[in-house]
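Report on the structure
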Number of protein chains: 2
Amino acid sequence: MAKKKKSDKREAKAAPPTVRDLLRVGPEFDLTAVDPRRVVAGPTDKVLARAEAAALEGEVTDLQERLFAESKQGGKRRLLIVLQGMDTSGKGGAVKAIDRVCEPIGLRMTSFGAPTKEEKRRHFLWRIDRAMPPAGAIGIFDRSHYEDVLIVRVRNLVPEDVWSGRYDEINAWEQKWSEQGVVFLKCMLHISKEEQQQRLLDRLADPSKHWKYNPGDVDERQLWDQYQAAYQAALTRCSTAYAPWYVIPADRKWHRDWLLTQLVAETLREMNPQYPTMDFDVAAEKARLAAEKARLAAG
Amino acid sequence: MAKKKKSDKREAKAAPPTVRDLLRVGPEFDLTAVDPRRVVAGPTDKVLARAEAAALEGEVTDLQERLFAESKQGGKRRLLIVLQGMDTSGKGGAVKAIDRVCEPIGLRMTSFGAPTKEEKRRHFLWRIDRAMPPAGAIGIFDRSHYEDVLIVRVRNLVPEDVWSGRYDEINAWEQKWSEQGVVFLKCMLHISKEEQQQRLLDRLADPSKHWKYNPGDVDERQLWDQYQAAYQAALTRCSTAYAPWYVIPADRKWHRDWLLTQLVAETLREMNPQYPTMDFDVAAEKARLAAEKARLAAG
């Protein structure tokens with residue numbers, strides 16, 4: 001065992017850490033120690049970061065097509081990208097960054113707002129189950145089941161003995177889905193309180209953005225620390241081997257997008273989906289179509 | 001009344017026909033008279049057509065944002081783009097063309113394959129209901145409830161007295177949803193039998209596309225005329241004032257994409273969504289945030 005550890009360490013030294021290694025939430029994780037303005041890896045300027053992210057499109061769409069192809073032969077795997085973050089943290093921009101390197105026909109987008117009347121009557125995971133991406137697809141959740149241990153906890157929308165049991169429920173639920181082929185990529189877009197303030201001021205300065213502004217957002221800011229504590233709990237209690245959390249410093253939009261694009265590419269590479277082997281005779285099929293072509297031409 | 005008609009005619013003469021006017025299926029429609037290679041309107045070359053389509057991005061995303069903003073204040077409207085067409089007709093490319101001019105966070109993509117066991121036990125519209133886009137969003141259906149009067153009719157998957165009743169069922173269902181704010185944009189991507197043959201040969205020529213090829217596709221081509229007849233029936237029986245059908249000549253991909261992009265822009269323009277009037281005091285909110293900023297700075 002000691003020997004194995006040593007060799008693991010040597011390997012870790014040899015290969016540079018992946019973005020997933022850099023951002024993964026481990027047992028010692030402390031959200032207050034993460035600087036939302038920090039550039040963690042990769043290009044330190046906007047133009048280069050945008051170019052590097054865009055350059056991944058060919059590889060990512062190829063992996064995405066393989067994933068879909070795999071599902072046509074009975075494969076059950078799919079990718080689910082969960083996006084969480086404080087208001088103004090840039091979930092719309094993050095979705096755009098993912099879309100830029102993917103084929104849109106394979107994306108399954110879901111936004112979770114306040115639950116409807118029917119959703120309130122059901123278990124909190126009922127509406128999440130219904131939104132799970134089919135095999136071969138890439139799902140994106142704009143907010144998620146984590147709201148049920150975030151706003152619900154901070155605002156006391158259910159009693160503590162209810163929400164406090166949800167961390168284990170979520171883990172069991174994610175494990176069940178991961179056994180059914182779902183690969184989780186859970187990302188928290190982490191902005192600073194100052195950055196949020198600036199973004200709210202920007203919304204007020206642009207009349208076409210006023211509809212996005214809600215005076216309640218400023219009241220909600222009074223609860224900033226409670227929200228950070230709720231995130232800390234969700235991130236550490238629900239970052240598992242089968243569904244790890246990643247925290248993305250998100251004050252700089254171009255860096256947020258670069259990190260997210262790398263996370264998507266790394267995850268798909270590790271999934272390593274393969275084109276299924278087809279059991280038809282290519283030459284015979286070509287001949288069939290060609291013969292038909294001759295018949296068509298002959299009228 | 002006669003006078004009104006006259007003035008309508010004069011107006012129709014003055015304004016050039018919209019793409020919707022050119023492609024809309026009316027009572028006299030005959031699918032066999034539509035040439036899938038024809039350039040119906042707009043640029044006649046690929047580069048210009050691509051540029052013109054791309055130039056709509058700013059306007060379309062603005063309209064899309066207004067539509068979403070409207071829903072935040074209780075608006076129920078949403079757009080549903082239905083894509084139908086023979087195999088290889090280019091639904092993936094069409095989705096890409098729509099995505100190019102839209103914000104991806106507002107798109108709701110659904111692909112309908114052969115129904116699952118559970119779906120088979122239910123009414124054919126059950127799975128369609130579950131996939132309807134929420135208010136403020138743009139839904140895209142890759143195939144749809146129309147398969148239940150297309151492949152189902154051609155392949156006799158249910159008795160004739162069942163599928164023959166579905167045209168009226170579909171109309172009633174679409175009318176119900178249109179009263180609930182759904183604006184339908186139903187598009188058939190119309191390719192020629194020769195073009196399909198070429199695209200199938202292209203798939204065979206590229207090993208990474210073999211997974212898309214199914215020897216059954218060639219058998220299915222034997223039923224080409226029956227499929228065209230089934231389309232003719234669906235297009236004419238289900239092109240209504242509240243949910244018209246449009247037939248897009250789709251042999252030329254760049255023209256297909258140009259037409260589709262125009263249809264989306266024209267439809268959103270006619271919907272003319274508006275930013276809601278907000279009832280907060282912008283100056284007061286700015287002051288609140290600024291005061292908070294001063295406090296933050298003071299530490």
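To start, this report covers the structure provided alongside it. These numbers come from a predicted model, not from an experiment.

Structural notes on the interface of chain A and chain B
At the interface, 50 residues of chain A touch 49 residues of chain B. Of the roughly 4700 Å² buried between chain A and chain B, counting both surfaces, carbon and sulfur atoms make up 61%. A salt bridge links Glu-292 of chain A to Arg-221 of chain B; the shortest N-O distance between them is 2.6 Å. In this assembly, chain A and chain B are joined by 16 residue pairs in polar contact (both at pLDDT 80 or more). At the level of secondary structure, the elements contributing two or more residues to the side of chain A that touches chain B comprise helix 4 (57-72), helix 5 (91-100), strand 2 (107-111), helix 11 (193-205), helix 12 (215-221) and helix 15 (282-298) of chain A.

Here's the deal with the environment of Phe-68 of chain A
Note that Phe-68 of chain A resides in helix 4. The spatial distance from the C-alpha of Phe-68 of chain A to the C-alpha of Tyr-275 of chain A is 8.8 Å, given a sequence separation of 207 residues. Excluding anything up to four places from it in sequence, Phe-68 of chain A contacts Gly-136 of chain A together with Trp-211 of chain B.

Remarks on the pattern of salt bridges
Across all of its chains, the model carries 46 salt bridges over all chains by this definition. With a closest N to O distance of 3.3 Å, Arg-24 of chain A and Asp-21 of chain A form a salt bridge. What makes Asp-21 of chain A partly exposed here is its relative accessible area of 43%. We note a salt bridge from Arg-37 of chain B to Glu-195 of chain B, for which the minimum N-O separation is 4.0 Å. Highlighted residues: Arg-37 of chain B in the loop between helix 2 (19-23) and helix 3 (46-54) and Glu-195 of chain B in helix 11 (residues 193-205), separated in sequence by 158 residues. Overall, Arg-37 of chain B belongs to the partly exposed group, its relative accessible area being 40%.

Quick word on the relation of the copies chain A and chain B
You can overlay chain A on chain B at an RMSD of 0.0 Å; the transform is a turn of 180° with a shift of 0.0 Å along its axis. Considering both components of the superposition, the chain copies are consistent with a two-fold axis.

Concerning the sheet that holds strand 4 (residues 182-190) of chain B
Residues and elements named next belong to chain B. The strand order 2-3-1-4-5 describes an open sheet built from five strands, whose pairing is parallel. Each edge of the open sheet is held by one strand with a lone partner, namely strand 2 (107-111) and strand 5 (245-249). Recorded for the sheet is a direction-independent mean angle of 20° between the axes of neighbouring strands. The pairing of strand 4 with strand 5 spans five bridges and is classified as parallel. Across the sheet, residue Leu-189 finds its bridge partner in strand 5, namely Ile-248.

A closer look at the packing of aromatic side chains
All names here are of chain A. All chains considered together, the criterion is met by twelve aromatic pairs over all chains. The rings of Trp-173, Trp-177 and Phe-184 are connected pair by pair, giving a single aromatic cluster. A cation sits over an aromatic face here: Arg-122 above Trp-126, 4.1 Å from the ring centre.

Rules used throughout
- Residues numbered from 1 in each chain as written.
- Chains lettered and ligands numbered in written order.
- Predicted model: local features only at pLDDT ≥ 70, side-chain atom pairs only at ≥ 80, totals over all residues.
- Heavy atoms only, no water.
- Contact = heavy atoms within 4.5 Å.
- Buried area = accessible area lost by both parts, 1.4 Å probe.
- Salt bridge = Lys/Arg side-chain N within 4 Å of Asp/Glu carboxyl O.
- Polar contact = N/O pair within 3.5 Å; in protein donor to acceptor, adjacent residues only side chain to side chain.
- Helix = DSSP H or I, 4+ residues; strand = E, 2+ residues; numbered from the N terminus.
- Buried < 20%, exposed > 50% of the residue type's maximum accessible area, 1.4 Å probe, protein only.
- Least-squares fit on C-alpha atoms with pLDDT ≥ 70 in both.
- Pairing = 2+ DSSP bridges.
- Axes fitted to C-alpha atoms, helices over the stretch in contact; angles between N-to-C directions.
- Phe/Tyr/Trp six-rings, centres within 6.5 Å; stacked < 30°, edge-to-face > 60°.
- Lys NZ or Arg CZ within 6 Å of the ring centre and 35° of its normal.

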